[in-house]
Amino acid sequence: MITLLKFDEIKEMGFRLSLNINQKEVERIIFNTERKFVKKNISNYKNLTTKEDETLEDVLPILKAGIGNLVFGFLLNENVVASRFGAVKKQSDFSIQTLKNEVRNESAKFFEVGCELLRDAFLELKEIDPSIEVFNFPYYNYLRGFYHKK
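Below, the structure is looked at part by part. Just so it is clear, the model here is predicted, and its values are computed rather than measured. (Residues numbered from 1 in each chain as written. Predicted model: local features only at pLDDT ≥ 70, side-chain atom pairs only at ≥ 80, totals over all residues. Heavy atoms only, no water.)

**A short note on the pattern of salt bridges**
Thinking step 1. Applying the stated rule across the entire model yields one salt bridge.
Thinking step 2. Between E9 and K64 there is a salt bridge, with the nearest N and O atoms lying 2.8 Å from each other. Taken together, the residues E9 in helix α1 (residues 7-12) and K64 in helix α4 (residues 60-78) connect sequence positions 55 residues apart.
Thinking step 3. Classification of K64 as buried rests on a relative accessible area of 15%. (Salt bridge = Lys/Arg side-chain N within 4 Å of Asp/Glu carboxyl O. Helix = DSSP H or I, 4+ residues; strand = E, 2+ residues; numbered from the N terminus. Buried < 20%, exposed > 50% of the residue type's maximum accessible area, 1.4 Å probe, protein only.)

And the structure:
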């Protein structure tokens, strides 16, 4: 799986990943996130992953930060186990009882920031190379969820 963001880079960004989170799980979420939010929305995704175009290197950190925020939001949601008494958020080997709304609110912040960073990166890509097509811009709304606009 070729992706822009690597597992080690997401750890370097300062996201709190517990030791019990599997690297393959994180890489799966990175792959799915990039496919859904970046690859399907811009025309030059392949150039970004193969690093053929050096003029685009200034935009890569913004793209990676956006993807990282989305991935961390998805990790928060996936590491919550629902029970009939509420949700259990797994942060370490010991489980902490939390409310589902608290986890949703926390992940929503990362989703909003991630989508905003991706929109900024897409606009910068268009400025650098006008031949790059942006098909859709990602947005997130707590009540509506993820959606795309032209």
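**Side note on the nonpolar core**
Thinking step 1. Ranked by internal contacts, the top residues of the largest apolar core, which has 36 residues, are L4, V38, I42, L48, L63, F122 and L125.
Thinking step 2. For this core, the elements supplying multiple residues, two or more each, are α1, α2 (23-39), α3 (45-50), α4, α5 (100-128) and β4 (137-141). (Core = buried A, V, L, I, M, F, W, Y, C linked by side-chain atoms within 4.5 Å.)

**Focus: the side chain of T3**
Thinking step 1. Looking at the secondary structure, you find T3 in the segment before α1.
Thinking step 2. We classify T3 as buried; its relative accessible area is 8%.
Thinking step 3. Other than its neighbours up to four places away in sequence, T3 contacts I30, F31, E34 and Y45. (Contact = heavy atoms within 4.5 Å.)

**Things to note about a positive patch on the surface**
Thinking step 1. Together, R35, K36, K39, K40 and K46 make up a region of like positive charge exposed at the surface.
Thinking step 2. Top element by residues in the positive patch is α2. It accounts for three residues.
Thinking step 3. Within the fold, K40 resides in the loop between α2 and α3. (Patch = residues over 30% accessible without salt bridge, like charges linked within 9 Å, V, L, I, M, F, W, Y side chains within 5 Å. Areas by Shrake-Rupley, 256 points an atom, 1.4 Å probe, with all protein chains shown as cover. Lys, Arg positive; Asp, Glu negative; His and termini not counted. Charge placed at Lys NZ, Arg CZ, Asp CG, Glu CD.)

**Notes on a negative patch on the surface**
Thinking step 1. On the surface, E57, D58, E112, E116, D120, E124 and E127 cluster together to form a negatively charged patch.
Thinking step 2. For E124, a relative accessible area of 32% puts it in the partly exposed group.

**A word on the packing of α2 against α4**
Thinking step 1. Their axes nearest at 9 Å, the elements α2 and α4 cross at an angle of 125°. As judged from the angle between their axes, α2 and α4 are oblique. Taken as a pair, α2 and α4 cross one another with a handedness that is right-handed. Counting all contacts with α2, which are made through E25, V26, R28, I29, I30, T33, E34, F37 and V38, the residues of α4 involved are L63, I67, L70, V71, F74, L75 and E78.
Thinking step 2. In terms of residue class, the contact of α2 with α4 is built from 11 nonpolar, one polar and four charged. (Axes fitted to C-alpha atoms, helices over the stretch in contact; angles between N-to-C directions. Parallel < 35°, antiparallel > 145°, perpendicular 65-115°, else oblique. Left-handed = near helix turned anticlockwise from the far one by under 90°. Nonpolar A, V, L, I, M, F, W, Y, C, P; charged D, E, K, R; others polar.)

**Side note on the packing of aromatic side chains**
One pair of aromatic rings is described through two measures. These are the centre distance and the angle between the planes.
Thinking step 1. Counted under the stated rule, the structure contains 12 aromatic pairs.
Thinking step 2. Taking the centre distance of 6.3 Å and the plane angle of 50° together, the rings of F122 and F137 count as tilted. With a gap of 15 residues between them, F122 in helix α5 and F137 in strand β4 connect regions that are remote in the sequence. Each member of the pair, F122 as well as F137, is classed as buried.
Thinking step 3. Between Y139 and Y147 the ring centres are 5.6 Å apart and the planes differ by 15°, which places this aromatic pair in the stacked class.
Thinking step 4. Relative accessible area serves as the criterion here: at 24%, Y139 is assigned to the partly exposed category.
Thinking step 5. Classification of Y147 by relative accessible area gives buried; the value is 16%. (Phe/Tyr/Trp six-rings, centres within 6.5 Å; stacked < 30°, edge-to-face > 60°.)

**Looking at the pairing of strand β5 (residues 145-149)**
Thinking step 1. By the bridge criterion, five bridges tie β4 to β5 in an arrangement that is antiparallel. Considered in β5, the bridge of Y139 is made with Y147.
Thinking step 2. Between β4 and β5, which follow one another and run antiparallel, lie three residues. (Pairing = 2+ DSSP bridges.)

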